[in-house]
Amino acid sequence: METLMIILSGVLVTVATYLILSRNAVRIILGTALLTHASHILLMTMGGFGGTNVPITGENGADYVDALPQALILTSIVISFGVTAFFLVLSYRTYKELGSDDMYILRGRRNE
Amino acid sequence: MRINDVILQSVTKVVVFIIFTLAIYLFVSGHNNPGGGFVSGLILASAFCLLFLAYDTETIRKGIPIDFKVIAASGAFIVVACGLGSVLFGEAFLYQTFTTYTLPLFGETEFATVTIFETGVALAVVGVVVTIILSISEDV
Amino acid sequence: MNNMIVFPMILPVLTAIFLVFIRKHILIQRWISVIVMLANVGLSIVILLHVQTEGIMRLDFGGWEPPFGILFVADSFSMLLVVTTNIVTVVCLLYAMFSVGKEFEYMFFYSFVLFLIGGVNASFLTGDLFNLFVSFEVMLLASYALIAFGGKKIQLKKSIPYIAINVVSSWIFLVAIAYVYGTLGTLNLAHLSQIIAEEGQTPILTVISILFLIVFSLKSGLLLYQWLPASYSAPPTAIAALFGALLTKVGIYAMFRIFTLLFYHEPQITHMLIGVLAGLTLISGSIGAIASNDIRYIVSYNVIIAVGFILVGLAIGTNTAIEGSIYYIIHDMIVKALLFLIAGTMISLSGSPKMNRMSGLIRNYPILGWLFFIVMLALAGIPPLSGFIGKVLLGKGAIEAGSYVLLALSFISALFVLYSLLRIFMDCFWGETMLSAEDEPPLRKGILFPLIVLGVLTFALGLAPESIATFVIDGAETLVNPSIYIDAIFDQ
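What counts as what
Residues numbered from 1 in each chain as written. Chains lettered and ligands numbered in written order. Predicted model: local features only at pLDDT ≥ 70, side-chain atom pairs only at ≥ 80, totals over all residues. Helix = DSSP H or I, 4+ residues; strand = E, 2+ residues; numbered from the N terminus. Contact = placed C-beta atoms within 7 Å. Expected span 1.5 Å × (residues − 1). Buried ≥ 20, exposed ≤ 12 C-beta atoms within 10 Å, placed from the backbone. Pairing = 2+ DSSP bridges. Nonpolar A, V, L, I, M, F, W, Y, C, P; charged D, E, K, R; others polar. Core = buried A, V, L, I, M, F, W, Y, C linked by C-beta atoms within 7 Å. pLDDT = per-residue confidence, 0-100. Axes fitted to C-alpha atoms, helices over the stretch in contact; angles between N-to-C directions. Parallel < 35°, antiparallel > 145°, perpendicular 65-115°, else oblique. Left-handed = near helix turned anticlockwise from the far one by under 90°.

### Quick notes on the overall build of chain C
Link 1 in the chain: Within chain C, the secondary structure is distributed over 21 helices and two strands.
Link 2 in the chain: Across chain C, the fraction of contacts at a sequence separation of at least 24, relative to all contacts at a separation of at least 6, is 81%.

Laid out in structure tokens, this is it:
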């Protein structure tokens, strides 16, 4: 299970790297979103897959899963949701304002 | 271009209430089971999205005349105020507590301060998500 | 129970939320934000004094004792930075009141600034790794909004790379946190420090520490600064000043914390690497500062030189050197804010950021000119000003430790700072006045006042460094001896 998850995380990072290195703004945003998801999977794997029950004290005995990675992932999902949403709005504004979402056209110090 | 979306609109009228109910159910059950403020906030937001899709933005704005930025802010305010509330009682910041009362219809019911916190989370999520969606869709 | 130390973070956040409700009343928004930040200055000074008598303070959120819960920790180093942050923010807010337009203020300008400050203060105060990540993200989200504020073409262009690079560095941060949790099973800084000290810093931990080094280098602009000059030159002056004064310092603070509290067992690898990076930063920052013709870029490269200089202290790692670094961080926050504000004022007065389009400003704006002169001397480290004491202590530390290369680099870089700013001074303030006194736009008193406040502060800090000496010595002491920090977390 661990190996599988690590490989999955690696594949996601590969895809995300490819997307971020492209010139299109929307692809870059998708890449950043995928990148954070890869790290979420990594976080979950790092917490281990022990335990079979929900981590509520008093029920189901001692065999509960580690709740911390899940809490971390939830927080991180919220943050990445916020960042991705803002990034999308911003690149949309940029597209409307500058008429392009091509990083090659947007780079440099022209029309400042 | 006018699309005749009678089916979508009629279905929406019914489904929106089902989604609202689901959101409230998840919110209430979130105390000791999977669920909670964040999830129910997202589901509420999805109901609003469906409304915005089925009808146009102006109609919904007229029907529900609330500024979602203010909703988000009040949600965040409740979250922070709930955290600070425990400071007033001399406990650590963000300290939560609960108590049980016997209500006439429900029997023994648990009341927890964390419910206030979760209400804030739900409101903040609804406000933020709808604001983002509206800000993208408004000037198309 | 020390609920007091959550307020430097929660007051700005609460006010920011409150300001959303009174969006239409700009005048009230302005004064509420300034008053709250002033209150925050007072409060953080009280906490700083409290730390001196009571020792390091900690607050367990929700009553969850360490290492299980999340917590805030206030020691002298972090509180000094919080105090300085709040002072700089008050001044920048005063400047913003008179310089940013109504349409900006209407779009929740003050809310975003206060969120940014909440994030910065939280990063200084947090006592666990994941909370550090969250505070960074709060700060960065506010900064994304502020950098694109107003939506001018150049801002939109510069903000896309800024966000992308920060998302990538946050990803590395998250990966590093995952590895730490996987190896050691905790994220509480004190607990981590304890475990690493007991079980030894294994090679895998050293690799993880280098991941952290990459993250904080990206955030603070240590060698990986290529995004910095372009992004910091895009936003309006008051925002650029906040960024230049505060954002890189948060990365520097995190680096100090991580590499003195957790990964201090293998200095021949990690600290040497920091030293090499700091040296390279000093060299390339100096080249950048003298190469540009655009005032905003010169000023941004000066930020990078300062980052290199401060981290030389961490690389050396002796008590004296770290004291010097702390002095220099405080000095740099104040003076960089002043430098950015003056540069922005010059640009708005002359209408162009290029040096060859300005000339003879000192004839019409003498106070501005002399303030710039003071900043220049302070950054170069001339005695009666605030940069001096930091440089002396850092130099002393470097000589004690025998790192003469870093010593030479950091003092040669001061010459480059002086040269790059002297170039601005001579080109823009001296020479023929391009316009007559009537044609030049008048400099309003409201804009000049914040600049003078900062100018007085740098004088005060330079003339009476012993006023903060006890705090600095205590801060350096805690950084050099991690056991003080650990004991404070686990004693109760």
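Text resumes after the structure shown.
### A look at helix α3 (residues 68–98) of chain A
Link 1 in the chain: For α3(A), with 31 residues, the first-to-last C-alpha span of 44 Å sits near the 45 Å given by 1.5 Å per residue.
Link 2 in the chain: Among all positions in α3(A), only A:Pro69, A:Leu72, A:Ile73, A:Ser76, A:Ile79, A:Ser80, A:Val83, A:Phe87, A:Leu90, A:Ser91 and A:Thr94 are buried.
Link 3 in the chain: Among the structural elements, α2 (25–46) of chain A together with α6 (129–147) and α7 (153–184) of chain C are those in contact with the buried residues of α3(A).
Link 4 in the chain: Count one or two residues on from α3(A) and you reach A:Gly99, which has phi positive near 70°.

### Notes on the pairing of strand β2 (residues 107–112) of chain B
All names here are of chain B.
Link 1 in the chain: With respect to burial, β2 is a largely exposed element, only zero of its six residues being buried.
Link 2 in the chain: Here strand β1 (residues 98–103) runs beside β2; their pairing, made up of six bridges, is antiparallel. From the neighbouring strand, Thr-99 faces β2, where its bridge partner is Phe-111.
Link 3 in the chain: The turn joining β1 and β2, which pair antiparallel and follow one another in sequence, is formed by three residues.

### Some points on the interface of chain C and chain B
Link 1 in the chain: In this assembly, 14 residues from chain C lie in contact with 14 residues from chain B.
Link 2 in the chain: Listing elements by their share of the side of chain C that touches chain B, those giving two or more residues are α1 (7–21) and β1 (57–60) of chain C.
Link 3 in the chain: No other element matches α1(C), which puts six residues into the side of chain C that touches chain B.
Link 4 in the chain: For the side of chain C that touches chain B, the per-class residue count stands at 10 nonpolar, three polar and one charged.

### Considering the nonpolar core
Residue and element names in this part refer to chain C.
Link 1 in the chain: Counting 252 residues, the largest nonpolar core has Ile-177, Leu-311, Ala-337, Ile-342 and Val-375 as the members making the most contacts within it.
Link 2 in the chain: Here this core gets 19 residues from one element, more than from any other, and that element is helix α14 (residues 319–350).
Link 3 in the chain: Contact partners of Ile-177, with chain neighbours within four places excluded, come to Leu-129, Phe-130, Phe-133 and Leu-187.

### Comments concerning the confidence of the model for chain C
Interpreting fine coordinate detail is not advised for predicted regions of low pLDDT.
Link 1 in the chain: Per-residue confidence for chain C averages 90 on the pLDDT scale, and 98% of its residues sit at or above 70.
Link 2 in the chain: As a predicted assembly, this complex carries a pTM of 0.93 together with an ipTM value of 0.93.

### Remarks on the pairing of strand β2 (residues 71–74) of chain C
Residue and element names in this part refer to chain C.
Link 1 in the chain: Judged by which residues are buried, β2 turns out to be covered on both faces: Leu-71 and Val-73 on one side and Phe-72 and Ala-74 on the other are all buried.
Link 2 in the chain: Looking at chain direction, β1 and β2 are connected through four bridges and run antiparallel. Along β2, the bridge assignment pairs Met-57 with Ala-74.

### Description of the interface of chain C and chain A
Link 1 in the chain: Opposite the 24 residues of chain C that make contact, chain A presents 29 residues.
Link 2 in the chain: Within the residue set of the side of chain C that touches chain A, elements represented by two or more residues are α6 and α7 of chain C.
Link 3 in the chain: The element best represented in the side of chain C that touches chain A is α7(C), accounting for 17 residues.

### So, the packing of helix α11 (residues 237–262) of chain C against helix α13 (residues 295–316) of chain C
Residues and elements named next belong to chain C.
Link 1 in the chain: At their nearest, the axes of α11 and α13 sit 11 Å apart, and the two run at 20° to each other. Between α11 and α13, the angle falls in the class roughly parallel. Classified by chirality, the crossing of α13 by α11 is right-handed. Across the interface between the two elements, Gly-244, Thr-248, Ile-252, Met-255, Phe-256 and Phe-259 from α11 touch Val-303, Val-307, Ile-310, Leu-311 and Leu-314 from α13.
Link 2 in the chain: For the contact of α11 with α13, the residue count by class is nine nonpolar, two polar and no charged.

### Notes on the confidence of the model for chain B
Link 1 in the chain: Taken as a whole, chain B shows an average pLDDT of 85; of its residues, 95% reach a score of 70 or greater.
Link 2 in the chain: Of all helices and strands in chain B, the one with the weakest mean pLDDT is β2(B) (78), whereas helix α1 (residues 6–29) of chain B scores best (91).

### Focus: the packing of α6(C) against α11(C)
Residues and elements named next belong to chain C.
Link 1 in the chain: As a packed pair, α6 and α11 sit with axes 12 Å apart at the nearest point and diverge in direction by 160°. Compared by their axis directions, α6 and α11 come out roughly antiparallel. In this structure, the crossing between α6 and α11 has a hand that is left-handed. Within the contact between the two elements, α6 uses Leu-132, Met-139, Ser-143 and Leu-146 and α11 uses Ile-239, Phe-243, Leu-247, Val-250 and Ala-254.
Link 2 in the chain: Each residue belonging to the contact of α6 with α11 can be placed in one class, and the counts come to eight nonpolar, one polar and no charged.

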